[in-house]
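Coordinate inspection notes
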Amino acid sequence: MVAPTVKLSSGHQMSLVGFGLWKVTENTADTVYNAIKAGYRLFDGACGYGNEVECGKGVARAIKEGLVKREELFIVSKLWNSFHDEERVKPIAKKQLADWGLEYFDLYLIHFPIALEYVDPSVRYPPSWTNAQDKVSFAKAPLYTTWRAMESLVDEGLAKSIGVSNYSAPLMMDLERYARIMPSTLQIEHHPYLRQKLLTDWCQERNIQITAYSSFGPMSYREMNMAEHVPLLFENPTIVDIAKKYNKEPSQILLRWATQHNIAVIPKSNNPGRLAQNLDVCSFDLSKEDLEAIDGLDKHLRFNDPIAYGIPAPIFA
Ligand code: NAD
């Protein structure tokens, strides 16, 4: 099974269902290879995930064995906060490409709208929220200059499409003012507890594709001993009832709810059974009433906030 695709404003096609690579730290190359075998074509990586070399090995093996061609894959990566200075963008993108063993990214995103002090990769890599002295230290790079460097990556063929992540509506509106190349996508935390409808509507009206991360809400954060008192979406009675009605897993209902709203999803799983289930989320349709029932679960509840990690950057305030 291969997921349906959507056409981005850049003109390129992107899978509506992909595979997230955050916290994929064990048997990473095999996980990527097996995901390709199962039908995944989009992989959502980042230098901050610390696994780009291993991910690239999985891709290389799949291509070598003839499972896919490079042009059938859609590889996403992200610019970390400490590389926002205009002159840092190309060198780090090239390093990330070399780590993956690729000549271009299909999509390259600004990971967070936060510029941090540059730390040379020879000093520390993968990068983190702190500088070489383990302190949070902000840099002065304004976002419009970082975006200008992102646009140059497209000009030079290093990225086919570019986009942003964790931007709020005012930042998107500002970006629209100065962009020579509009962002193809906005990647945000999105699940029934955090719908962000005004932001997603604004983007969809402009053909900026929304990609949801953490589609299962608290699940991903429980792994980090966070969100322990928030009920799991998998156990939410509305989701459980709808899952029974369609004879699907709660996870599939959550992913279908997003894709039916034309929002791309990038669930992460190391489990082969779940891997296949998570990809099979466009072969059935939820009724209007069921979509609305899930829409109604919104609590404006966000898990992936820098503040929650002790970083004094209230980007969602
Ligand atoms: P997710 O919502 O995909 O949840 C992952 C958790 O759900 C894991 O614990 C996994 O074992 C479990 N799971 C997966 N499939 C399941 C199933 N079918 N049934 C039951 N449990 C299942 O969370 P995520 O990893 O936070 O987000 C997905 C991807 O989004 C990441 O891997 C990453 O690529 C991206 N992401 C981006 C940002 C960003 O700042 N741009 C932030 C977070 C995540």
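To keep things clear, this report deals only with the structure shown in the data block. Keep in mind that what you see is a predicted model, and the values were worked out from it rather than measured. (Residues numbered from 1 in each chain as written. Predicted model: local features only at pLDDT ≥ 70, side-chain atom pairs only at ≥ 80, totals over all residues. Heavy atoms only, no water.)

Re the packing of helix α8 (residues 237-246) against helix α11 (residues 288-295)
Geometry of a packed helix pair, given as the angle between the helix axes and the separation of the axes. Interhelical geometry of α8 versus α11 gives an angle of 160° and a closest axis separation of 10 Å. The angle between α8 and α11 places the two elements in the roughly antiparallel class. When you trace α8 past α11, the crossing you get is left-handed. Contacts between α8 and α11 pair Thr-238, Ile-239, Ile-242, Lys-245 and Tyr-246 from the former with Asp-290, Ala-293 and Ile-294 from the latter. Broken down by class, the residue content of the contact of α8 with α11 amounts to five nonpolar, one polar and two charged. (Axes fitted to C-alpha atoms, helices over the stretch in contact; angles between N-to-C directions. Helix = DSSP H or I, 4+ residues; strand = E, 2+ residues; numbered from the N terminus. Parallel < 35°, antiparallel > 145°, perpendicular 65-115°, else oblique. Left-handed = near helix turned anticlockwise from the far one by under 90°. Contact = heavy atoms within 4.5 Å. Nonpolar A, V, L, I, M, F, W, Y, C, P; charged D, E, K, R; others polar.)

Comments concerning the site of the ligand
Among the 28 residues in the neighbourhood of the ligand, the closest are listed as Asp-44, Ser-165, Ser-214, Ser-220 and Glu-223. A distance of 2.9 Å separates an oxygen atom of the ligand from a polar side-chain atom of Asn-166. When isolated, the ligand has an accessible area of 830 Å², and the protein chains bury 94% of it. Where the shell around the ligand is concerned, the elements lending two or more residues are α7 (219-222) and α10 (272-279). Grouping the amino acids of the shell around the ligand by side-chain chemistry returns ten nonpolar, 13 polar and five charged. (Near = heavy atom within 4 Å. Polar contact = N/O pair within 3.5 Å; in protein donor to acceptor, adjacent residues only side chain to side chain. Areas by Shrake-Rupley, 256 points an atom, 1.4 Å probe, with all protein chains shown as cover.)

Re the packing of aromatic side chains
Taken as a whole and judged by the stated rule, the model has 13 aromatic pairs. Both rings, one in Tyr-246 and one in Phe-284, keep their centres 6.4 Å apart while their planes meet at 45°; by these two values the pair is tilted. Placement of the pair is Tyr-246 in helix α8 and Phe-284 in the loop between α10 and α11, with a sequence separation of 38 residues. Cluster of aromatic residues (ring-pair linked, three or more members): Trp-22, Tyr-49, Tyr-221 and Phe-303. (Phe/Tyr/Trp six-rings, centres within 6.5 Å; stacked < 30°, edge-to-face > 60°.)

Observations concerning the pairing of strand β7 (residues 159-165)
Within β7, six of the seven residues are buried, which leaves it mostly tucked inside the rest of the structure. Relative to β7, strand β6 (residues 105-110) runs parallel, the two sharing five bridges. Residue pairing across strands places Leu-109 opposite Gly-163, the latter belonging to β7. In this view, the connection linking β6 to its parallel neighbour β7 by way of helix α4 (residues 143-155) has right-handed handedness. When β7 meets strand β8 (residues 185-189), the two strands line up parallel, connected through three bridges. What sits directly across from Gly-163, in β8, is Thr-185. In this region the chain leaves β7, passes through helix α5 (residues 169-178) and returns to the parallel neighbour β8; the handedness of that crossover is right-handed. (Buried < 20%, exposed > 50% of the residue type's maximum accessible area, 1.4 Å probe, protein only. Pairing = 2+ DSSP bridges. Right-handed = clockwise from strand over helix to strand, strands pointing away.)

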